[in-house]
Amino acid sequence: MRHSDSHCPFCAGDGGQVVSRDARCRVVLADEPFPGFCRVIWNDHVAEFTDLAPADRAHCMSVVAAVETALRALLSPDKMNLACFGNLTPHLHWHVIPRFADDSHFPNSVWGACQRPGAARTLPSHFAESLATHLMKIFSAPSTLTMGSPS
Ligand SMILES: [Zn+2]
């Protein structure tokens, strides 16, 4: 049985532009002022990472790693940031954020104090499609878990 919460934005909607999804989670391109900011959102409404069974935790982290790998390949960031809070939206999701030394908040977290006007940076054209293609390649490689395209 699928668990959901009618007051939760990640139960009510996708939480961004879906680039990949499977039965357990989805990868979305977030509407945030940091280009390439992605989230891996668990489909069921669970609050804590340790609410997941071990196999599901492993799957979730394999997806997070795949997103980080794809973002590094596509954007060559200076650093990748991973975060899991859920203080405002207690529905399990991981932030996967490419960071650049000249972005507005570096070296602070994207939730920290702004450091400067950020350098203008736009995503390559067809970025979501390229990200989806990279994720498909990663998940179709031998010895990895599978993840489908958005539906
Ligand atoms: Zn939820």
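See the structure printed just above.
In this report, we go over the structure that sits alongside the text.

A look at the overall build of the protein chain
For step 1, the next point in the chain: Within the protein chain, the secondary structure is distributed over three helices and five strands.
For step 2, the next point in the chain: The secondary structure elements of the protein chain, listed N-terminal to C-terminal, are α-β-β-β-α-β-β-α.
For step 3, the next point in the chain: A compact globule built from 151 residues would reach a C-alpha radius of gyration of about 15 Å, and the protein chain, at 15 Å, matches this within 12%.
For step 4, the next point in the chain: C-alpha atoms of the protein chain, sized along the principal axes, occupy 45 × 35 × 25 Å.
For step 5, the next point in the chain: Here the analysis covers contacts within the protein chain between residues at least 6 apart in sequence; of these, 52% occur between residues at least 24 apart.

Observations concerning the nonpolar core
For step 1, the next point in the chain: Formed by 27 residues in total, the largest nonpolar core has its most connected members in V27, V40, V63, V67, V96 and L135.
For step 2, the next point in the chain: Elements supplying a minimum of two residues to this core: β2 (25-29), β3 (38-42), α2 (54-75), β5 (93-99) and α3 (127-140).
For step 3, the next point in the chain: The biggest single contributor to this core is α2, with eight residues.
For step 4, the next point in the chain: The contact partners of V96, leaving out residues within four places of it in the chain, are C38, R39, V40, V64, V67, E68, L71 and L82.

A short note on the pairing of β5
For step 1, the next point in the chain: Taking burial as the measure, the seven residues of β5 include seven buried ones, the bulk of the element.
For step 2, the next point in the chain: Burial along β5 is two-sided: H93, H95, I97 and R99 facing one way and W94, V96 and P98 facing the other are all buried.
For step 3, the next point in the chain: Two elements, β3 and β5, share four bridges in a ladder whose sense is antiparallel. By the bridge assignment for β5, C38 is matched with V96.
For step 4, the next point in the chain: Bridge analysis of strand β4 (residues 79-83) against β5 gives five bridges, and the strand direction is antiparallel. If you follow M80 over to β5, its bridge partner there is P98.

Overview of unusual backbone geometry
For residues that are not glycine, phi is negative in most cases, and the peptide bond is trans in most cases.
For step 1, the next point in the chain: Cis geometry is adopted by the peptide bond preceding P107, which originates at F106 and carries an omega value of 5 degrees.
For step 2, the next point in the chain: On the secondary structure map, P107 appears in the loop between β5 and α3.
For step 3, the next point in the chain: Backbone geometry at S76 places phi at a positive 45 degrees, although glycine is not the residue there.
For step 4, the next point in the chain: Position of S76 among the secondary structure elements: in the loop between α2 and β4.
For step 5, the next point in the chain: On the neighbour-count criterion, S76 (9 C-beta atoms within 10 Å) is exposed.
For step 6, the next point in the chain: Positioned with a positive phi, H126 is a non-glycine residue whose angle comes to about 60 degrees.
For step 7, the next point in the chain: You can see H126 is positioned in the loop between β5 and α3.
For step 8, the next point in the chain: For H126, a count of 10 C-beta atoms within 10 Å corresponds to the exposed category.

The rules we used
- Residues numbered from 1 in each chain as written.
- Predicted model: local features only at pLDDT ≥ 70, side-chain atom pairs only at ≥ 80, totals over all residues.
- Helix = DSSP H or I, 4+ residues; strand = E, 2+ residues; numbered from the N terminus.
- Rg over C-alpha atoms; globule rule 2.2 N^0.38 Å.
- Contact = placed C-beta atoms within 7 Å.
- Core = buried A, V, L, I, M, F, W, Y, C linked by C-beta atoms within 7 Å.
- Buried ≥ 20, exposed ≤ 12 C-beta atoms within 10 Å, placed from the backbone.
- Pairing = 2+ DSSP bridges.

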